[in-house]
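If you want the building blocks of each chain, they are given just below.
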Amino acid sequence: MFSEFKIKEFTFRERAAKIIYPSTAPNGRMLLKPEYLGAFPTFDIAMLKRGYYLIFISHQTRWASDEETDIMAEFVLHCAKELGADKRCIIEGMSCGGLQGARFAEEYPELCAVLYLDNPVLNILSMYGLGDCKDEALPAFRREIINTFGVNDSTIINFRKSPIDKMELLIANNIPVLMIYGNCDPVVIYGENGKVLEDYYKENGGNIKVISRSMQKHHPHGLDDPTPIIEFVENNF
């Protein structure tokens, strides 16, 4: 889906990485997609055609460990230096990419200009199975979370490294948020994930726009017409 664009593939900190170059004159800004690079690329392609670089680094876990978050920050700084681009990224996080993007914005707000979240995982307790998620993939989610964080059925209750545990950092650093979700998502339950951030932002004067996709499940991500996403991220950069 990116065949019309120049792509640089390389290894960064023992992880596969890519820089996808815009098809028009670069505008000096980067779009970071933390996970699922090839998934639902309508917005990505539109941004590449508007002069943005698209950058991506693979991860050893999709559950936003401290190590992966730190390496992603190093990667962003590396790309900004190589490209002569603004180090503040537009971050596009779909599903577990939302988990990674939100944690990244909380820990490295100086590298985040705008946060676009799409059916985002923001509460690891929810994905472990302590809420209403009954998806057939739940056992796999649980195993991955155990492997990433070393928790078990007893200690998970005390886990406090989900993005919803540090939402005050997003507000304190004035991070604008665009939230898109399917109101029938049975996998990433909105009331346990995105809605927590939506409510917190609205209660505390944060800059957030929420778009609900009626009768939509976890997939598809994005919008058929990405114009509302483009307008929000560019108006808030």
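Everything in this summary refers to the structure shown in the same document. (Residues numbered from 1 in each chain as written. Predicted model: local features only at pLDDT ≥ 70, side-chain atom pairs only at ≥ 80, totals over all residues. Heavy atoms only, no water.)

1. Here's the deal with the packing of helix α2 (residues 66-83) against helix α3 (residues 96-107)
The contact between α2 and α3 brings their axes to 10 Å, and the two run at 70 degrees. With respect to α3, the axis of α2 lies roughly perpendicular. Facing α2, whose interface residues are D66, T69, M72, A73 and V76, α3 presents Q100, R103, F104 and E107. Residue classes in the contact of α2 with α3 are distributed as 4 nonpolar, 2 polar and 3 charged. (Axes fitted to C-alpha atoms, helices over the stretch in contact; angles between N-to-C directions. Helix = DSSP H or I, 4+ residues; strand = E, 2+ residues; numbered from the N terminus. Parallel < 35°, antiparallel > 145°, perpendicular 65-115°, else oblique. Contact = heavy atoms within 4.5 Å. Nonpolar A, V, L, I, M, F, W, Y, C, P; charged D, E, K, R; others polar.)

2. Things to note about the pattern of salt bridges
Tallied over the full model, the rule gives 16 salt bridges. The closest approach of N and O atoms between E107 and R103, which form a salt bridge, is 3.8 Å. Within this pair, E107 and its partner R103 are both found in helix α3, separated by 4 residues, close to a single helical turn. Accessibility expressed as a relative area gives 5% for R103, which makes it buried. Each of D66, R103, E107, K161 and K166 takes part in salt bridges that share partners, so that together they form one network. (Salt bridge = Lys/Arg side-chain N within 4 Å of Asp/Glu carboxyl O. Buried < 20%, exposed > 50% of the residue type's maximum accessible area, 1.4 Å probe, protein only.)

3. So, the nonpolar core
Side chains of nonpolar character tend, in soluble globular proteins, to be buried together. In this structure, M30, I55, L115 and L197 are the most contacted members of the largest nonpolar core, which totals 41 residues. Among the elements that take part in this core, α2 stands out by supplying 8 residues, more than any other. Apart from the residues within four sequence positions on either side, L197 is in contact with L117, L122, M167, L170, V177, M179 and I208. The next biggest cluster of nonpolar side chains, apart from the first, holds 27 residues, and it includes F43, F56, I229 and V233. (Core = buried A, V, L, I, M, F, W, Y, C linked by side-chain atoms within 4.5 Å.)

4. Let's talk about the pairing of strand β6 (residues 112-118)
Among the 7 residues of β6, 7 are classified as buried, and the element is accordingly described as predominantly covered. As judged from the 6 bridges shared by strand β5 (residues 89-94) and β6, these two strands associate in the parallel manner. What sits directly across from M94, in β6, is D118. At this point the chain moves from β5, through α3, to the parallel β6, and the crossover so formed is right-handed. In terms of strand pairing, β6 meets strand β7 (residues 177-182) through 4 bridges, oriented parallel. Looking at β7, one finds that L117 is bridged to M179. (Pairing = 2+ DSSP bridges. Right-handed = clockwise from strand over helix to strand, strands pointing away.)

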